[in-house]
Amino acid sequence: MKVISINTAKRHNALSVTFLKERKIVVCVKDAEFAELSDEVLDHAYKVITFSSEEGLMSKLVTLEFLNPDDRVFSASEDFMYLAAQIREHFGLEGMTVIETAYFRDKCLMKEKALASGVNVPRYGAYHSNITFSDITQHVGLPFVLKPKDSAGAFGVHVIRSQHDYDHVINTCNIGLGYEYETFVDGKLYHVDLLIKNGEVCFQAACEYSFPNLDFQFGKPCLSLVLEESHELYAQLTNFAAFAVKSLGLKNGPSHVEIFVKDSGELVFLEAACRTPGAIIVPIYQAQFDMNMIEMALDIECGLDIAEIVKNDYYCMGGIFPVKQGRVNKINKVDLHSQFELKLGCQVGDYYDGVDSVKNLSGSIVVKGKNYSEVLDDFEVLKALSLVE
């Protein structure tokens with residue numbers, strides 16, 4: 001069995017040498033990212049295919065004539081979910097179809113299907129050019145959010161608090177049929193990450209976000225603290241997420257679910273993806289559960305059994321820090337109780353125009369400790385930290 005893995009170079013590089021050696025993984029990466037592939041991937045992948053467009057990759061796979069009925073297609077990258085489904089359908093391979101994938105990519109379809117199963121979702125609607133500010137506020141109230149139906153990483157998201165905000169966004173940004181509007185949920189944001197095999201949850205973890213992802217654009221770090229199973233919200237969050245993901249039709253694979261918890265205790269579904277989490281979450285889970293979530297998701301795609309996942313002695317958290325507009329003059333010291341690994345994404349003298357999504361980062365950190373209270377204290381320290389000045 002071969003696995004067509006369509007991912008970013010960073011996701012490919014997360015695969016271990018042992019894992020690559022034991023499987024026939026055809027690494028598919030955009031031309032612009034080929035140079036970022038690790039030597040380990042280049043040495044041990046079954047084959048490496050570069051492509052400049054979706055049509056180009058499909059054409060190469062057709063020309064190669066090397067796919068068999070038992071081969072699989074895997075992607076853990078949001079931008080390639082539809083492409084992976086199209087390749088499966090074209091070659092008659094098992095796995096998620098285009099319409100099944102759409103329920104995890106189109107946020108209007110996603111909420112429509114979830115709502116039909118009884119999942120608590122915010123009021124929402126599809127944006128169109130004839131809709132007015134008054135139409136939207138009568139439907140979902142004020143404030144509300146305008147965002148792309150298929151966005152990831154808080155890219156292109158706008159919070160609208162007034163007619164002035166609305167007019168400014170409509171007149172200065174490329175808002176069109178690919179957008180939706182929804183009620184702004186005032187609450188604390190959490191995420192739950194799952195692995196589903198044959199319709200059953202085989203791994204779950206619930207995390208508290210430091211701040212909503214949108215705040216990353218305004219200088220706030222995007223951190224995740226893995227909650228203890230004894231946490232008062234753990235069971236509610238994981239049960240809510242599993243029900244939502246199964247309602248959307250996921251039978252095999254990973255999912256990343258974001259959930260607001262309001263002051264009243266009400267849980268509100270924000271969105272779900274049928275991929276492993278982004279940013280630095282996979283290494284955080286690897287530090288706490290001794291497993292590589294991307295590798296496990298790939299094996300699930302192939303119908304393989306996966307080992308039982310058990311928490312080790314560590315409590316973990318971590319995340320990413322934004323850049324700031326202008327020149328980097330200083331990188332601040334990180335001082336924590338717990339062990340940590342900090343990877344810088346910039347250096348003094350670098351210049352940035354600004355931040356438009358969580359992809360514009362100055363550094364990432366994974367923190368682990370055997371004392372949960374200390375890890376929690378470190379979480380608060382990092383929330384207040386500006387990594388660069």
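Just so you know, these numbers come straight off a predicted model, no measurement behind them. By convention here, each chain's residues receive numbers from 1 onward along its written sequence. The model is predicted, so local features are restricted to residues of pLDDT at least 70 and side-chain atom pairs to those at 80 or more, both for listing and for counting; the totals for chains, interfaces and linings are taken over all residues. Only hydrogens and water are removed before side-chain values are computed, so all heavy atoms of the structure are retained for them.

Quick one: what's the story with the overall build of the protein, residue by residue and with numbers?
For helices the rule is a DSSP run of H or I covering at least 4 residues; for strands it is a run of E covering at least 2, with both sets numbered from the N terminus onward. Tallying secondary structure elements over the protein gives 13 helices and 18 strands in all. Every radius of gyration here is taken over C-alpha atoms, with the globule rule written as 2.2 Å times N^0.38, N being the number of residues. Against the globule reference of 21 Å for 389 residues, the protein gives a C-alpha radius of gyration of 21 Å, in line with a compact fold. When the backbone C-alpha atoms are referred to their principal axes, the protein occupies close to 55 × 55 × 45 Å. Think of it in three bands: with a 1.4 Å probe and only protein chains considered, a residue is buried below 20% of the maximum accessible area for its type, exposed above 50%, and partly exposed in between. Within the protein, buried positions represent 53% of all 389 residues. Contacts were defined at the residue level, with two residues in contact if any of their heavy atoms lie within 4.5 Å. Residue pairs at least 24 apart in sequence account for 65% of intrachain contacts in the protein once pairs closer than 6 positions are excluded. In these tables, accessible area is a Shrake-Rupley quantity obtained with a 1.4 Å probe, and a residue counts as shielded only by the protein chains included in the view. Carbon and sulfur atoms form 47% of the exposed surface of the protein, whose accessible area is close to 17,600 Å². His is not counted, nor are the chain ends; Lys and Arg add positive charge and Asp and Glu add negative charge. One atom stands in for each charge, and that atom is NZ of Lys, CZ of Arg, CG of Asp or CD of Glu. A gap of 1 Å separates the mean positions of the 36 positive and 54 negative side-chain charges of the protein.

Residues and numbers for the side chain of R275, please.
With respect to the secondary-structure elements, R275 resides in the loop between strand 13 (267-273) and helix 11 (281-289). Its relative accessible area of 12% is what places R275 among the buried residues.

I'd like a description of the pairing of strand 9 (residues 188-197), backed by residues and values.
With nine of 10 residues buried, strand 9 is to be regarded as a mostly interior element. In this structure, strand 9 lies alongside strand 12 (residues 253-261), joined through nine bridges in antiparallel fashion. Within strand 12, the position partnered with K188 by the bridge is V261. The pairing of strand 9 with strand 10 (residues 200-209) spans eight bridges and is classified as antiparallel. Bridge pairing in strand 10 places I196 opposite V201. The hairpin formed by strand 9 and strand 10 contains two residues between the paired strands, and N198 there has a positive phi angle of roughly 55°. Any two strands are treated as partners once DSSP identifies two or more bridges connecting them.

Outline the domain arrangement of the protein, listing residues and values.
Each domain's limits were defined by an automated method or a database of domain assignments. Considered domain by domain, the protein is made up of domain 1 (3-95), domain 2 (123-183) and domain 3 (188-384). Spacing between the C-alpha centres of domain 1 and domain 3 amounts to 25 Å. Counting from both sides, the interface comprises 19 residues of domain 1 and, opposite them, 17 residues of domain 3. Taking both partners together, domain 1 and domain 3 bury about 1,500 Å²; carbon and sulfur atoms supply 59% of that area. Area buried by domain 1 at its contact with domain 3 is led by R11, F19 and F74, which between them contribute 36% of it. Within this document, salt bridges are pairs made up of a side-chain nitrogen of Lys or Arg and a carboxyl oxygen of Asp or Glu, the two lying within 4 Å of each other. Across the domain 1-domain 3 interface, the total number found is three salt bridges. Note that D299 and R23 form a salt bridge whose closest N and O atoms lie 2.9 Å from each other. Throughout this description, a polar contact denotes any pair of N or O atoms lying within 3.5 Å of each other; where both atoms belong to protein, one of them has to be capable of donating a hydrogen while the other can accept it, and for residues adjacent in sequence the pair is counted only when both atoms sit in side chains. Run the count over domain 1 and domain 3 and you get six residue pairs in polar contact (both at pLDDT 80 or more). When two parts are brought into contact, each loses some accessible area as probed by a 1.4 Å sphere; the total of that loss over both is the buried area.

Go over the sheet that holds strand 8 (residues 179-183) with me, naming the residues and quoting the values.
Reading across from one edge, 5-8-6-7 is the order of the four strands in this open sheet, with antiparallel pairing throughout. For this open sheet the edge positions go to strand 5 (124-126) and strand 7 (158-160), each flanked by a neighbour on one side alone. Averaged over all neighbouring strand pairs, the angle between strand axes comes to 25°, with direction disregarded. Where strand 5 lies against strand 8, three bridges are found, and the strand directions are antiparallel. Bridging across to strand 8, G125 finds its partner in Y181. All axes here are fitted lines through C-alpha atoms, helices being fitted over the stretch that makes contact, and every angle between N-to-C directions spans 0 to 180 degrees. Helix-sheet contacts for helix 8 (residues 133-140) involve strand 5, strand 6 (144-148), strand 7 and strand 8, and the interaxial angle to strand 8 is about 45°. Set on the sheet, helix 9 (residues 163-172) makes contact with strand 6 and strand 7; between it and strand 7 the angle comes to about 145°.

Describe the sheet that holds strand 18 (residues 361-369), naming the residues involved and giving the relevant values.
With antiparallel pairing, eight strands are arranged side by side in an open sheet as 13-12-9-10-11-14-18-16. A strand with exactly one partner marks an edge of an open sheet, and here the two such strands are strand 13 and strand 16 (339-344). Taken over all neighbouring pairs, the strand axes of this sheet differ in orientation by 20° on average, direction set aside. The pairing of strand 16 with strand 18 spans six bridges and is classified as antiparallel. Bridge pairing in strand 18 places L342 opposite I365. Packing against the sheet, helix 12 (residues 293-301) makes contact with strand 9, strand 10 and strand 12, and its axis sits at approximately 40° to strand 9. Helix-sheet contacts for helix 13 (residues 372-383) involve strand 10, strand 11 (222-226), strand 14 (315-322) and strand 18, and the interaxial angle to strand 11 is about 170°.

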